[in-house]
Amino acid sequence: MSHQNGVMMQYFHWYLPDDGSLWNQVAEKAEDLAKVGITSLWLPPAYKGKSGGLDVGYGVYDLFDLGEFDQKGSIRTKYGTKDEYVQAIKLAQQAGLSIYADVVLNHKMGADRSEEVEATPMSMDDRNQAIGDYQTIQAWTHFTFEGRKGKYSKMEWHWWHFDAIDYNAYNEGEDAVYLLKGKSFDKNVDLEKGNFDYLMGCDLDIQNSEVQGELKYWGEWNYDLTNVDGFRFDAVKHVSAHFFQEWLEHMRNYAKRDLFAVGEYWSYEMEALHNFIDVTNGTVSLFDVPLHQNFHVASQSREDYDLSQIFENTLVKYQPSLAVTFVDNHDSQPLQSLESIVEAWFKPLAYALILLRQEGYPCIFAADYYGAHYQDYGKDGNEYEIWIDSHQWLLDQFLSVRQNYAYGQQLDYFDHPNTIGWTRLGDDEHQGGMAVVLSNAEEGRKWMEIGQPNCTYIDITKQIEHPITTNDDGWAEFCCNGGSVSVWIKTTK
C-alpha cells in the first residue's frame, strides 16, 4: 500500500459471466475507479484453469497460459486473452491504479495423463492417520501442456513434483488423501485436520528444488510481461509459510522495487494468523478474516450484537499495519464454499468501519459495488437465485470522505452495545475533520469531540437532513437512523 488512505478493490466475484470481457472492462473502468478513490485492483487468476474459458482460475492448469493457447477447450480464459490482460494492466496503471495479481502456488488440476505411483491413503479428517496399506495407485499427475508446446517453459510436471492427491483411478470410491512415495506433508501449515497441507488437486511439493525453481522462474516471466505491483497469495494456510517469504523476496530482488503482498489465510484463530506473520517476518499482509466473521455474526444478530466489541479478536486491532480489511469476497458470497454472508442492511455499517478509520488497508468487493445476480446450487442440492445489492452510491461517498477528511487523530466512542462512533480531527492539509455514528438498533446519538468549535456539519449519506453545529469546545451530539450509519463532514456553505 503506497498511497495514504489507499483502497483496494477486488475486481471480480465468483459468478461473473464467462464471456471473456473482464480484462476489457478493467481497461474501460480504470479511470473512473481512480477518480472515486480506488488506488489498487486485485484481479482474478489470469492463467488457464482445468475448465478452460469457464474456470474462475483457482483450478490451476497452466501458469504460462494467460489466454494464448488452445488448451482445455478454449484459447481465452474466463476473463479474456493474454493481450487484453496485459493491455488492461497497462491502462489501469496509467490511470494511477496499482495492480495485484492473484497467485495460486498450492495446487494444479486437470492433468493430461495418468501415472502409476506408490502411495499411502490418509484420512481426510486427520492427515496424520493412515487408513490403508502402502499401495500402487493410478494418479492424474502428468502435465504436458501440449497446446503450449514448450513455449515459455519446457518443464512437464510428474508425480514427483507433488506430495499428495485425492484421486486414485484404481479405487475411485475411496475417500482419502494419498501421500505419494517418499513424500511428507509440509510443516508451517495450518493444523486443522492434523496437517492442512493438502487442499485439492495435485498438491505441489514446495520442498522439491525443481518446483521451487519453476515457480520463481514463472514469477520472473510473469513480472516481465505484466509489470504488476503486487500479489494476492491464495490458500496460504495450506503451503509452508516460509516459501511465500522466500518467493516474495526473490520477486522483490528481481523487480528491484517493493512489491505488495497479501495472503488469504482463512481462519478465525488469531494465533494462527500471528504465527504466519511471525514465520514470514511481517513481509506478507493478511486478509482480516476474523473481522469479516464479526461482520457476519453482527449482521445476523442485529440488535443483540454488542457493537462495542466489533474489533475484538481481529487482525486490524492487533496488527493494523498488516491487516487488509474486507466485508465479503468471492469465497464468502452466497452459495460459495466459505459462505458467511454479511446481510445487506449491515454492509453500509461494515464498510464505514473499514473505509473511514485509520487502521488497516480496506478492500471493496466488486459485487457490493456493482451488485450481482446469479443462480447456483446450494449444499442442500437445491437451486437458488441470488441478488446482491449495489452500494455504489454510498461507497463513493465513503471513498470521497476517506480521500478528503479521514486524517489526523482518531477519537473512539465505543461505549454502548448498539451505538458507536468515532471522529477524525483532520490535519493541516485536511481541515474540518469528520464524525461517524452507527447503530444496529434504534436511532443512535453520540456526544463526540471533533475539534472544530462553532462549525456546522452535514450527513453525507443524506439520511439525516438537519445539520449539526458544534459548541464552543468543538463537541456536538451526532446522530444516525436506526440500523444505519451517518457520516458528518463540515459544510462549505
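As a reminder, the structure under discussion sits directly above these lines.
All of these numbers come straight from a predicted model, not from anything done at the bench. (Residues numbered from 1 in each chain as written. Predicted model: local features only at pLDDT ≥ 70, side-chain atom pairs only at ≥ 80, totals over all residues. Heavy atoms only, no water.)

**Description of the sheet that holds strand E10 (residues 177-180)**
Phase 1 of the analysis: Taken in spatial order, the 6 strands of this open sheet run E6-E11-E9-E10-E7-E8, and their pairing is antiparallel. Two strands close off the open sheet at either side, each with one partner strand: strand E6 (107-108) and strand E8 (135-142).
Phase 2 of the analysis: Here 2 bridges tie strand E9 (residues 162-165) to strand E11 (residues 202-204), and the two strands are oriented antiparallel to one another. In the sheet register, Ala164 faces E11, and the bridge partner there is Asp203. (Pairing = 2+ DSSP bridges. Helix = DSSP H or I, 4+ residues; strand = E, 2+ residues; numbered from the N terminus.)

**Some thoughts on the layout of surface pockets**
Phase 1 of the analysis: Of the volumes computed, that of the largest pocket is approximately 720 Å³.
Phase 2 of the analysis: Broken down by class, the residue content of the lining of the largest pocket amounts to 13 nonpolar, 8 polar and 9 charged. (1 Å grid on protein atoms, 1.4 Å probe; cavity = no way out; pocket = protein on both sides within 12 Å on 5 of 7 lines; lining within 4 Å. Points joined across faces, edges and corners; volume = space filled by probe spheres on them. Nonpolar A, V, L, I, M, F, W, Y, C, P; charged D, E, K, R; others polar.)

**Looking at the packing of helix H8 (residues 347-355) against helix H10 (residues 392-404)**
Phase 1 of the analysis: Packing of H8 against H10 leaves a shortest axis separation of 10 Å and a crossing angle of 20°. Judged on the interaxial angle alone, H10 and H8 are roughly parallel. In the packing of H8 onto H10, the handedness of the crossing is right-handed. Seen from H8, the contacting residues are Pro348, Tyr351, Ala352, Ile354 and Leu355; seen from H10, they are Leu394, Leu395, Phe398, Leu399 and Arg402.
Phase 2 of the analysis: Grouping the amino acids of the contact of H8 with H10 by side-chain chemistry returns 9 nonpolar, no polar and 1 charged. (Axes fitted to C-alpha atoms, helices over the stretch in contact; angles between N-to-C directions. Parallel < 35°, antiparallel > 145°, perpendicular 65-115°, else oblique. Left-handed = near helix turned anticlockwise from the far one by under 90°. Contact = heavy atoms within 4.5 Å.)

**Notes on the state of the cysteines**
Phase 1 of the analysis: Inspection of every chain in the model, using the stated rule, returns 0 disulfides.
Phase 2 of the analysis: Left unpaired, Cys479 is separated from the closest cysteine sulfur, that of Cys480, by 7.2 Å. (Disulfide = S-S within 2.5 Å.)

**Looking at the sheet that holds strand E24 (residues 468-469)**
Phase 1 of the analysis: On the basis of which strands lie adjacent, the open sheet formed by 6 strands has the order E19-E20-E21-E26-E23-E24 and antiparallel pairing. With partners counted over all chains shown, the strands left at the sheet margins are strand E19 (410-413) and E24, one partner each.
Phase 2 of the analysis: The pairing of E19 with strand E20 (residues 419-424) spans 4 bridges and is antiparallel. Paired with Gln410 across the two strands is Arg424, which belongs to E20.
Phase 3 of the analysis: The strands touched by H8 within the sheet are E20, strand E21 (434-439) and strand E26 (485-490), with E21 carrying the most contacts at an inclination of about 145°.

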